[in-house]
Amino acid sequence: MNLAERLQESRAGRTAAPSLPDQRAGTESGLATGPATDAYAEVRTEARAFVVKNLGTRLADSSLSDEDLRALVTVELQTALTKIDTPLSAEARARLISEIAQEVVGLGPLEPLLRDPTVTEIMTSGPYNVWVERAGKTARTDVAFDDEKHIRRILDRIVSRIGRRIDESSPKVDARLPDGSRVHAIIAPLAVDGTALTIRKFSEDKYTVDDLISFGTLSPAAGEFLQKAVAARLSILVAGGTGSGKTTTLNMLSQFFLPHERIVTIEDLAELKLDHDHWIRLEGRPPNIEGKGEVTLSALVKESLRMRPDRVVVGEIRDGNAAMDMLQAMNTGHEGSMGTVHANSPRDCFTRIDGMVAIAGMKIDQQAVYSQIASALDLIVYQTRMRDGTRAVTQIAEITGMEGNVISMQDVFMRPADAVGASVPLRPAGLIPNCYQRIIDSGQTLERGMFLKDDEVGSATRWR
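Residues numbered from 1 in each chain as written. Predicted model: local features only at pLDDT ≥ 70, side-chain atom pairs only at ≥ 80, totals over all residues. Heavy atoms only, no water.

A.B. asks: How would you sum up the packing of helix 2 (residues 39–55) against helix 4 (residues 90–105)? Please name residues and give values.
C.D. replies: At a closest axis distance of 11 Å, the pairing of helix 2 and helix 4 adopts a crossing angle of 45°. Taken as axis vectors, helix 2 and helix 4 run oblique relative to one another. Both helix 2 and helix 4 take part in a crossing whose hand is right-handed. Where helix 2 approaches helix 4, its residues Y40, V43, R44, A47 and R48 are matched on the opposing element by A92, R95, L96, E99, I100 and E103. Residues that form the contact of helix 2 with helix 4 fall into these classes: six nonpolar, no polar and five charged. (Axes fitted to C-alpha atoms, helices over the stretch in contact; angles between N-to-C directions. Helix = DSSP H or I, 4+ residues; strand = E, 2+ residues; numbered from the N terminus. Parallel < 35°, antiparallel > 145°, perpendicular 65-115°, else oblique. Left-handed = near helix turned anticlockwise from the far one by under 90°. Contact = heavy atoms within 4.5 Å. Nonpolar A, V, L, I, M, F, W, Y, C, P; charged D, E, K, R; others polar.)

Written as structure tokens, this is what we have:
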């Protein structure tokens, strides 16, 4: 008996239209065993198969825009529903068309979350457990995939767009969406309870320094200082923990590059969004199924130096080879370059880089690594995810050189150690930085008073 006959028999036995899919039933392990088995789900399965069969290779045609492809899918769906004698209501038919179009063209049930501007991160723990982050807080949603195969189809579409793959032989992947949002996924056998998919969204609108000041991420004085420091070609390292907002801050700093400068950005996944005409984007490549073809960040840094860059920007320094190549670039005429690194404090950046060099097997002692760091870097901008979920710059420190075997630093701006949220202002540390004269000599203007503490300038609110 085909689907149409089963639906006719079902309609003869009852007058009510079939309900929409119920919540998936779970097994003892907490995983559901499959999609809902009501008539709506069966119609959706058959209609989707009809669309995929009829459109075939056109679904992967890169010359078609998403709008054109969605229009084709909609036409095929309407044809499919005329061939299936379905008792679905008009509302259910519209929902079915929308859902299948989102699945075939977009990211299925995740599409509404991706369009929601309040959602900053999407996280799945298997196909029926979807969480989001809003305003620094996580919450579970009522969004769900049909089953594990459903979420894997969506994931395959994501990674295939950028020439990457995920399967049992390579069960983890880093990817990106067309808007630059970062994607990470792990599947079975590494993910025991179903696909673990994490999407970190990036705002379509690039945040300016004024935006970060309004959010409380920066103070006006710190924002002005960083703007003049970038223009004066000081080399800056943005540090912080995972999810602290390092990429957002790096994007903001890049807005102060001079229009004529040639910028080369190097990333594992291209996420940076520079508003710059003279910009070259380089992206690393993982090894293929045979373990060949890998292109590392270190190799790209070396290649970038042959491109006559004015500045080199490394999205994230992950290994010792890339770290040393970046430091060498900063020390050989590429001042004003930037990068990010994971660290628990500004001083922890040094031990992190030294540790990466050691893990990479480079036979360079700590004294030599520290000397390279002290010579190459001028400022460390340290960012923190606060206890209330907000992101904020908590410390801007200047590297002043070497004292024996130790890299010496001094704070330029900092937040109180007991600060809970971004509402606590970033305050001047009270010292005129050594780089002040270098900024002035570059033709910038900067008031010395912005570095003084409030009581020293006679106003408790002047620089807040």
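So that's the structure; there's more coming.
A.B. asks: Give a description of helix 10 (residues 297–304) that names residues and reports values.
C.D. replies: Of the residues making up helix 10, those classed as buried are L297, S298, L300, V301 and S304. Take helix 10 and look down its axis: the buried residues cluster within an arc of 160°, on one side only. On the buried face of helix 10, the contacting elements are strand 8 (263–267), strand 9 (279–283), strand 10 (311–314) and helix 11 (320–330). (Buried < 20%, exposed > 50% of the residue type's maximum accessible area, 1.4 Å probe, protein only. Arc of directions from axis to C-beta.)

A.B. asks: Hey, could you go over the pattern of salt bridges for me, with residue numbers and the actual values?
C.D. replies: With the rule as written, the count across this model stands at 16 salt bridges. D116 is paired through a salt bridge with R134; the nearest N and O atoms lie 2.9 Å apart. With D116 in the loop between helix 5 (111–115) and strand 1 (119–124) and R134 in strand 2 (residues 130–134), the pair connects residues that are 18 residues apart, well separated along the chain. For R308, the salt bridge identified is with D310, shortest N-O distance 3.2 Å. Given a relative accessible area of 57%, R308 falls into the exposed group. Bridged by salt links that share partners, the residues E133, R385 and R391 form one connected network. (Salt bridge = Lys/Arg side-chain N within 4 Å of Asp/Glu carboxyl O.)

A.B. asks: Before we move on, could you go through the packing of aromatic side chains and cite the residues and values that matter?
C.D. replies: Summed over all chains, the structure comprises six aromatic pairs. Summarising the aromatic geometry, the rings of Y207 and F215 are spaced 5.1 Å apart at their centres and angled 85° between planes, so their arrangement reads as edge-to-face. Given the relative accessible area of 32%, Y207 is considered partly exposed. Take F215: its relative accessible area is 43%, and that puts it in the partly exposed class. On the numbers, 5.5 Å between centres and 90° between planes, the contact of F225 with F451 is edge-to-face. Within this pair, whereas F225 is found in helix 8 (residues 220–231), its partner F451 is found in the loop between helix 14 (436–441) and helix 15 (454–457), the two being separated by 226 residues in sequence. Judged on exposure class, the residue F225 and its partner F451 are both buried. These aromatic residues form a ring-pair network of at least three members: F225, F413, Y436 and F451. (Phe/Tyr/Trp six-rings, centres within 6.5 Å; stacked < 30°, edge-to-face > 60°.)

A.B. asks: Can you explain the sheet that holds strand 6 (residues 196–200)? Please cite residues and give values.
C.D. replies: To summarise the sheet geometry, strands pair through backbone hydrogen bonds and adopt either a parallel or an antiparallel arrangement. One open sheet accounts for six strands, arranged 3-2-1-6-5-4; its pairing is antiparallel. Bordering the open sheet on either side are strand 3 (137–140) and strand 4 (172–176), each of which pairs with just one other strand. Averaged over all pairs of adjacent strands, the angle between strand axes in this sheet comes to 15°, irrespective of strand direction. Sitting on the sheet, helix 6 (residues 148–160) is in contact with strand 1, strand 4, strand 5 (182–186) and strand 6, with an inclination near 60° to strand 4. (Pairing = 2+ DSSP bridges.)

A.B. asks: Which residues make up helix 4, and what values go with them?
C.D. replies: Taking 1.5 Å of rise per residue, the 16 residues of helix 4 would be expected to cover 22 Å, and the 22 Å separating its terminal C-alpha atoms lies within 8% of that figure. Burial in helix 4 covers these residues: A92, L96, I97, I100, A101, Q102, E103, V104 and V105. Turning to helix 4, the residues buried within the fold contact helix 2, helix 3 (66–83), helix 5 and helix 6. (Expected span 1.5 Å × (residues − 1).)

A.B. asks: Describe the nonpolar core, naming the residues involved and giving the relevant values.
C.D. replies: Counting 36 residues, the largest nonpolar core has L218, F225, I396 and F413 as its most contacted members. Counting residues per element, the ones that place at least two in this core are helix 7 (209–215), helix 8, strand 7 (236–240), helix 9 (246–254), strand 12 (379–385), strand 13 (391–403), strand 14 (406–414) and helix 14. The greatest single-element share of this core, amounting to six residues, is contributed by helix 8. Once residues within four sequence positions are removed from consideration, F413 is found in contact with A221, A222, F225, T394, Q395, I396, L426, R427, P428, A429, M450 and F451. In terms of nonpolar packing, the next biggest core, distinct from the first, is built from 35 residues, A322, L327, M356 and A376 among them. (Core = buried A, V, L, I, M, F, W, Y, C linked by side-chain atoms within 4.5 Å.)

A.B. asks: How would you sum up empty space enclosed by the protein? Please name residues and give values.
C.D. replies: A full pass over the atoms with the stated rule returns one cavity of 30 Å³ or more. The computed volume of the largest cavity comes to approximately 50 Å³. Around the largest cavity, the lining residues are L237, I317, A323, M326, L327, M330, I353 and L377. With four residues, helix 11 is the largest single contributor of residues to the lining of the largest cavity. Classifying every residue of the lining of the largest cavity by side-chain character gives eight nonpolar, no polar and no charged. (1 Å grid on protein atoms, 1.4 Å probe; cavity = no way out; pocket = protein on both sides within 12 Å on 5 of 7 lines; lining within 4 Å. Points joined across faces, edges and corners; volume = space filled by probe spheres on them.)

A.B. asks: Which residues make up the pairing of strand 5, and what values do they have?
C.D. replies: Burial along strand 5 is one-sided: V183 and A185 are buried, while R182, H184 and I186, pointing the other way, are not. Looking at chain direction, strand 4 and strand 5 are connected through five bridges and run antiparallel. When the sheet's bridge partners are listed, A175 is paired in strand 5 with V183. Connecting the antiparallel pair strand 4 and strand 5 is a turn made up of five residues, with G180 showing a positive phi of about 95°. Relative to strand 6, strand 5 runs antiparallel, the two sharing five bridges. The residue of strand 6 that forms the bridge with I186 is A196.

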